[in-house]
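# Examination of the molecular architecture
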Amino acid sequence: MTDSPTRLEIAQPDDWHVHLRDGDMLAGVVDATARQFARAIVMPNLAPPVTTIAAGKAYRDRIMAALSDELDFTPLMTAYLTDGADADEIIGGFDQGVFSACKLYPANATTNSSHGVTDIANISGVLAAMEKAGMPLLVHGEVTDPEIDIFDREAVFIDRVMSGIARDFPGLKVVFEHITTSDAADFVMSAGPNVAATITPHHLAFSRNAIFKGGIRPHYYCLPIAKRETHRLALRKAATSGSPKFFLGTDSAPHDVTRKISECGCAGLYNAPFAIESYAQTFDEENALDKLEGFASLNGPAFYGLPVNTARMVLERRPSDVPQTFAAGPHTLVPFLAGEQTSWTFAGLQPA
Ligand code: DOR
Ligand code: ZN
């Protein structure tokens, strides 16, 4: 793009990867996502995790009860895969429209993943049934082997697990979630059209240096951990490439500030309140604002087989101040870009 627009209008986006939590945290964060996004793929890593149709329905009901009345938002629920996952329950949930996808957490890879899968062989029957049903598998792509350097865990996962999934289940729809490396971007690009990836605003915005700038900065710590600058640049290239394989997934993952600033701080960034602004800034910096709508609003629905949203989102090139903190009921959340200004501002929705 050579011109430099001051206003953008795109189909309303969806968030294809978000943590809405539960209880008072859910009540405090759901509107921030629903203000910008028409739909969101809601992660199932609650304690206990969402593994049954009944639990998926009940969680969806709690999300709708927590949502402000004036917001039009559809949560798309996911089932958490365990070693003992039951194919009939999973596919039944998909057929009934309760589950849109399954989430694969390697056991102990991240927050509330202790019930995750210890060996992919344990769920091969479920993956075969999902392939047959057309149900997407959403993958947290990191090995958990403590011998493997934390910065290598995504690349090693491709060799040890992801390439095997793609080989053994060639028709399975797979989303490589929150990719952080050029290895993952390359893997997705060279795989078939049934393999896609989400990319977060924060992995596009900073490299691992930010975690250690002048000291240790817990608000930049998430999993998969940010990698070196060359990987960030590869992610920016993939996101702005126009390829339908890459789409928006914030991985907004709120934790109370006391859980972030701690001797053993939790992984996760809370980026929901200024999510589209931060993506717009990246696309603008890459001179690729004409590719934002595909990434944010078109590629995800195409992959999931859903219609594009009919409402339109307006963005304006003017600064917004990101607060230092947000209150979520009794919780204090420090957002991504706290105290900074975004260069773009979400200026509202135009109904269909
Ligand atoms: O940083 C992260 N936070 N990565 C994840 O995979 C999980 C998430 C969370 O739930 O807090
Ligand atoms: Zn996540």
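Just above sits the structure.
Here's what I pulled together on the structure shown here.

What follows is about the side chain of Gln36. Position of Gln36 among the secondary structure elements: in helix α1 (residues 23-36). Within the structure, Gln36 has its side chain in polar contact with the backbone nitrogen of Ile276 (distance 3.0 Å). Among residues more than four places away in sequence, those in contact with Gln36 are Gln12, Pro13, Ala272, Pro273, Phe274, Ala275, Ile276, Glu277, Met313 and Phe346.

Taken together, 13 residues sit near ligand 1, with Arg21, Asn45, Leu223, His255 and Ala267 positioned nearest. Between ligand 1 and Asn45, the relevant distance is 2.9 Å, taken from an oxygen atom to a side-chain nitrogen or oxygen of the residue. Out of a free accessible area of 290 Å², ligand 1 has 100% covered by protein chains.

Okay, the pattern of salt bridges next. Taken as a whole, this structure holds 13 salt bridges when the rule is applied. A salt bridge links Asp22 to Arg62, with the nearest nitrogen and oxygen atoms 2.8 Å apart. Note that Asp22 is positioned in the loop between β2 (15-18) and α1 and Arg62 in helix α2 (residues 53-66), a separation of 40 residues in sequence. A relative accessible area of 35% places Arg62 in the partly exposed class. A salt bridge links Glu229 to Arg232, with the nearest nitrogen and oxygen atoms 2.8 Å apart. Residue Glu229 and its partner Arg232 are located together in helix α8 (residues 229-239), separated by 3 residues, close to a single helical turn. Overlapping salt bridges, with partners in common, bring together Arg7, Glu9, Glu293 and Arg312 in one network.

Reading guide: rules and limits
- Residues numbered from 1 in each chain as written.
- Chains lettered and ligands numbered in written order.
- Predicted model: local features only at pLDDT ≥ 70, side-chain atom pairs only at ≥ 80, totals over all residues.
- Heavy atoms only, no water.
- Helix = DSSP H or I, 4+ residues; strand = E, 2+ residues; numbered from the N terminus.
- Polar contact = N/O pair within 3.5 Å; in protein donor to acceptor, adjacent residues only side chain to side chain.
- Contact = heavy atoms within 4.5 Å.
- Near = heavy atom within 4 Å.
- Areas by Shrake-Rupley, 256 points an atom, 1.4 Å probe, with all protein chains shown as cover.
- Salt bridge = Lys/Arg side-chain N within 4 Å of Asp/Glu carboxyl O.
- Buried < 20%, exposed > 50% of the residue type's maximum accessible area, 1.4 Å probe, protein only.

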